[in-house]
Every structure is written in C-alpha cells, then in structure tokens.
Amino acid sequence: MLFDEIATVTANQKLGPGLYLMTLKAPRCALEIQPGQFVHMMISTNPAHVLRRPFSVYAVDARTELIDVLYQVVGSGTFEMTKWQAGTRTAVVAPVGRGWSPPYNARRALLIGGGVGAAPLYMLCNQLLDKGADVDVVLGAATADCLVCLDRYFDLRKPGLRVLHTTDDGSAGAQGFCTELAEDALALAARTGKRYDYVAACGPEPMMRIATGLAKLYGIPCEVSLERRMACGIGACLSCVVDTVEGKKRACVDGPVFDIRELPW
Ligand SMILES: Cc1cc2nc3c(=O)[nH]c(=O)nc-3n(C[C@H](O)[C@H](O)[C@H](O)COP(=O)(O)OP(=O)(O)OC[C@H]3O[C@@H](n4cnc5c(N)ncnc54)[C@H](O)[C@@H]3O)c2cc1C
Ligand code: FES
C-alpha cells in the first residue's frame, strides 16, 4: 500500500557529469520498497515545482533505514535537488509501481543497464544472487566517468556474479553499446547450452527495444522498465500511458516494469 513519508537527506554527492547519488533516511520506504519500484519525490525546497518527480530506488538498507537514489540532472527539478544538503527534508510517496518479477526459479539472468538505468537493476541483481542464481550484468555509458554504478556492482563480490561494461567512446571496457555485449553473451549462452532464463533491461528506450528484440530472438522471458513523464503517480491522471497489446496502461501503477509480451515492440 502506498504511503507518504518525510525523508531526510543524509548525503548528496556528485559522482560524475550531471550524476548524483542521494541518500535519504526513509524508514518505512527502506522496509517496504521492492526491486524496480520507485519513489515519487516532492521537490520540497522550491514550491514552483508542484509535481513530484519519480526516481527508482537504487539501493536500500533496512537496518540503517537508508535508501539511495541515483539521479541525472536533466531539468529544473533535478537541478534543485543538487542543492540539497544533509538535513534537507522532503516528502516521498512509496513504494510506487510494479517492480521486477523474475521467474521464481530463474537460475541464470542477464541484466542490461544503460546510463542511469544501471541503478534500478542493482536491487534485482542482489535479490537474484541471494536466491542462488548466476547473474551477468552488462552496463553501458557514454564515457568512463559516467559509469558511476560499476564499482558498486563489482563490490558485491557475490558468487555467480559477472559484471561487464562498455562505453560509447571506448574510455572504459569494450567500445560500443551494452546491447552489443549482451548480444554476444546471449549467443555464447545459446552455443554452450548455458541458456539464460531471464533478461531485464533498463535504460534509454532504443536500448530496451534492442534488448527486447534479442530476448525474443532467443526465446527468453524479459522485462523492461519504462520511463514516462508522470504527474499524479497513483494511476489517476493518465499522463504516463504506455501502448500495450492490451491497450493503454499506466506506467505508474501497471509498470514501470513491463513484461515484453505486453509491449507491441
Ligand atoms: C519510474 C521512473 C523511474 C525513474 N528513475 C530515475 C532514476 O533512478 N534516476 C534518474 O535520474 N531519473 C529517473 N527517472 C526520470 C526522472 O523522473 C526525470 O528525469 C525527472 O523527473 C526530471 O525532472 P526535472 O524537473 O529535472 O526535469 P523537467 O524539467 O521536468 O524535464 C527535463 C527533461 O527531462 C524529460 N523528463 C522529465 N521527466 C521525465 C520522465 N519521467 N521520464 C523521461 N523523461 C523525463 C523531459 O521530457 C525534458 O526533456 C525516472 C522516471 C520514471 C518514470
Ligand atoms: S502519473 Fe498519473 S496515471 Fe500515471
């Protein structure tokens, strides 16, 4: 069930060009948020921002009651957030939306994250590893200094985890797009009989469309997390509609994670 709680910023640091990591003390959210769900955050320090902004939860620590949000500055709301310091308080509605639903018996997963799309996959990665699945993560970014989630994935150091990365300019990892490495991984898995049984992708929509095509080609269950502009965040305003094979659905309550079988891609 949705709730609205006052969260307090404990840290807000720049990680890369236009990329910030905000940590918030949000006890109830830290307890209840599930991988792939998001918070709808008020831009509390500027009343001109009437609408809340949606952000996926990157990481959570129920013990310390902290949640992390990785955000990219794209407009006035996210720019306002860069000014927040430890102690800033804001209201967050949580846990919003339908998160990831990997098959309950997934043994081998491929997670594909482009840009800040690496963040909403992190909790899923942890969850799959904790259930004993092998997880290959392929992260892509424009340049090395935009690969701001990479170390955190490496630091998981859990058995079964493999992390690969690409940059558009070749400044770190393989040069190219993360979908190219994902395609190689899927082809290798098919050749060697070590088939993936789940693919999840998050990032720019063209990237997710390619990931969807690959998953369909290899016949693997796949989910993607869609971004839409949101207003109410509770399914009432229809500003976030997504065209699906069953008609229009709302990304805020029917998503943001969709099974690719629902999408006419
Ligand atoms: C479910 C969900 C989860 C998200 N998670 C994250 C996250 O973890 N990290 C992150 O950096 N961003 C995330 N976003 C996107 C984030 O909500 C927007 O970037 C933010 O609301 C922009 O606010 P603004 O005031 O800075 O920009 P605005 O001034 O409102 O807009 C600036 C530009 O950003 C575009 N934009 C604004 N809102 C969205 C949106 N919801 N989706 C796509 N484009 C948008 C606008 O079209 C415009 O071009 C998520 C969006 C959704 C729907
Ligand atoms: S944001 Fe209002 S219906 Fe989704």
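Coordinates for the structure precede this section.
### A closer look at the sheet that holds strand 1 (residues 3–16)
Taken together, the 7 strands give an open sheet; going across it, the order is 4-3-7-1-2-6-5, and neighbouring strands pair in antiparallel fashion. Pairing within the sheet leaves two strands with one partner each, and these edge strands are strand 4 (53–56) and strand 5 (59–61). The sheet shows a mean angle of 35° between the axes of neighbouring strands, taken without regard to direction. Sheet topology places strand 2 (residues 19–25) next to strand 6 (residues 66–72); 7 bridges connect them, and they run antiparallel. Considered in strand 6, the bridge of Leu 24 is made with Ile 67.

### Thoughts on the state of the cysteines
Scanning the model with the defined rule gives 0 disulfides in all. With no disulfide partner, Cys 29 has as its closest neighbouring cysteine sulfur the one in Cys 252, 16 Å distant. The exposure class of Cys 29 is buried, given its relative accessible area of 1%.

### Remarks on the sheet that holds strand 9 (residues 134–141)
In spatial order, the strands read 11-10-9-8-12-13-16; together these 7 strands make up an open sheet with mixed pairing. With one partner strand each, in any of the chains shown, strand 11 (174–175) and strand 16 (257–259) form the two edges of the open sheet. Taken strand by strand, helix 5 (residues 178–192) contacts strand 8 (108–114), strand 9, strand 10 (161–167), strand 11 and strand 12 (198–202), and its axis lies near 165° from that of strand 8.

Parameters and conventions
Residues numbered from 1 in each chain as written. Chains lettered and ligands numbered in written order. Predicted model: local features only at pLDDT ≥ 70, side-chain atom pairs only at ≥ 80, totals over all residues. Heavy atoms only, no water. Pairing = 2+ DSSP bridges. Helix = DSSP H or I, 4+ residues; strand = E, 2+ residues; numbered from the N terminus. Axes fitted to C-alpha atoms, helices over the stretch in contact; angles between N-to-C directions. Disulfide = S-S within 2.5 Å. Buried < 20%, exposed > 50% of the residue type's maximum accessible area, 1.4 Å probe, protein only. Contact = heavy atoms within 4.5 Å.

Worth remembering: the numbers are spatial, not functional.
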